[in-house]
Amino acid sequence: MKKPVVMSWSGGKDSAMALHELSKTDEYEVVGLLTTVSEEFHRISHHGVREALLDQQAEAIGLPLEKLYLPSGDSDGCTNEIYNALMEGAMARCRA
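Residues numbered from 1 in each chain as written. Predicted model: local features only at pLDDT ≥ 70, side-chain atom pairs only at ≥ 80, totals over all residues. Heavy atoms only, no water.

1. Looking at the nonpolar core
As a rule of thumb, soluble globular proteins bury nonpolar side chains together.
Then, number 1: Val-5, Met-7, Trp-9, Leu-19, Val-30, Leu-33, Val-37, Ile-44, Val-49, Leu-54, Ala-58 and Leu-63 together form the largest nonpolar core, which totals 12 residues.
Then, number 2: Elements supplying a minimum of two residues to this core: strand E1 (3-8), strand E2 (28-38) and helix H2 (51-61).
Then, number 3: Per-element accounting of this core gives the leading share, 3 residues, to E2.
Then, number 4: Apart from residues lying up to four places away in sequence, Ala-58 is in contact with Leu-33, Leu-63 and Leu-65.
Then, number 5: Listed in part, the 5 residues of the second largest apolar core include Leu-68, Leu-70, Met-87 and Ala-90. (Core = buried A, V, L, I, M, F, W, Y, C linked by side-chain atoms within 4.5 Å. Buried < 20%, exposed > 50% of the residue type's maximum accessible area, 1.4 Å probe, protein only. Helix = DSSP H or I, 4+ residues; strand = E, 2+ residues; numbered from the N terminus. Contact = heavy atoms within 4.5 Å.)

2. Observations regarding the side chain of Ser-10
Then, number 1: Examined against the element boundaries, Ser-10 turns out to sit in the loop between E1 and helix H1 (13-23).
Then, number 2: For Ser-10, a relative accessible area of 6% gives the class buried.
Then, number 3: Within polar-contact distance, the side chain of Ser-10 engages the backbone nitrogen of Gly-12 at 3.3 Å.
Then, number 4: A polar contact is formed between the side chain of Ser-10 and the side chain of Asp-14, at a distance of 3.0 Å. (Polar contact = N/O pair within 3.5 Å; in protein donor to acceptor, adjacent residues only side chain to side chain.)

3. Some points on unusual backbone geometry
Then, number 1: One non-glycine residue, His-42, lies in positive phi territory at about 55°.
Then, number 2: Here His-42 lies in the loop between E2 and H2.

4. Topic: the sheet that holds E2
By way of backbone hydrogen bonds, the strands of a sheet pair with one another, either parallel or antiparallel.
Then, number 1: Pairing is parallel in the open sheet, where 3 strands are placed in the order E1-E2-E3. Single-partner strands in this sheet number two, and they are E1 and strand E3 (65-70). Put simply, the sheet's adjacent strands are angled 25° from each other on average, direction ignored.
Then, number 2: Summarising the sheet, E1 and E2 pair through 6 bridges and their orientation is parallel. Bridge assignment links Lys-3 to a residue of E2, and that residue is Tyr-28.
Then, number 3: Against the sheet, H1 engages E1 and E2, with an angle of about 170° to E1.
Then, number 4: Here helix H3 (residues 80-95) sits on the sheet in contact with E1, E2 and E3, set at roughly 165° to E3. (Pairing = 2+ DSSP bridges. Axes fitted to C-alpha atoms, helices over the stretch in contact; angles between N-to-C directions.)

5. Quick word on the layout of surface pockets
Then, number 1: Approximately 220 Å³ is the volume attributed to the largest pocket.
Then, number 2: Together, 15 residues line the largest pocket, and Val-6, Ser-8, Leu-34, Met-87 and Met-91 are the ones closest to its centre.
Then, number 3: Going through the elements one at a time, E1, E2 and H3 are the ones with two or more residues in the lining of the largest pocket.
Then, number 4: Its residues placed into classes, the lining of the largest pocket shows 10 nonpolar, 4 polar and 1 charged. (1 Å grid on protein atoms, 1.4 Å probe; cavity = no way out; pocket = protein on both sides within 12 Å on 5 of 7 lines; lining within 4 Å. Points joined across faces, edges and corners; volume = space filled by probe spheres on them. Nonpolar A, V, L, I, M, F, W, Y, C, P; charged D, E, K, R; others polar.)

6. Here's the deal with the pattern of salt bridges
Then, number 1: In this structure the tally under the stated criterion is 4 salt bridges.
Then, number 2: The partner of Glu-21 in a salt bridge is Lys-24, and the shortest N-O contact between them spans 3.3 Å.
Then, number 3: The exposure class assigned to Glu-21 is partly exposed, which follows from its relative accessible area of 36%.
Then, number 4: You can call Lys-24 exposed: its relative accessible area is 52%. (Salt bridge = Lys/Arg side-chain N within 4 Å of Asp/Glu carboxyl O.)

In structure tokens:
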């Protein structure tokens, strides 16, 4: 039985290649994608890809997408503590 995993998705070629390689294994089954998105700009944090394109990618791939909105615009932005708390919540939802 394949181990279900949620894959960190950047929206770039690296993620597409990693997903392709994982889909060929007998060990893992990608059951969802997880992406961080700038709350202010609605773009993927890694590559600046627009959120609308991210949605189209997930739809074309056929996997559910979990978006983790990272705060920005205030004086602190997204601190490591905020990021860790948001990611902890996202991982709990994925495990559930």
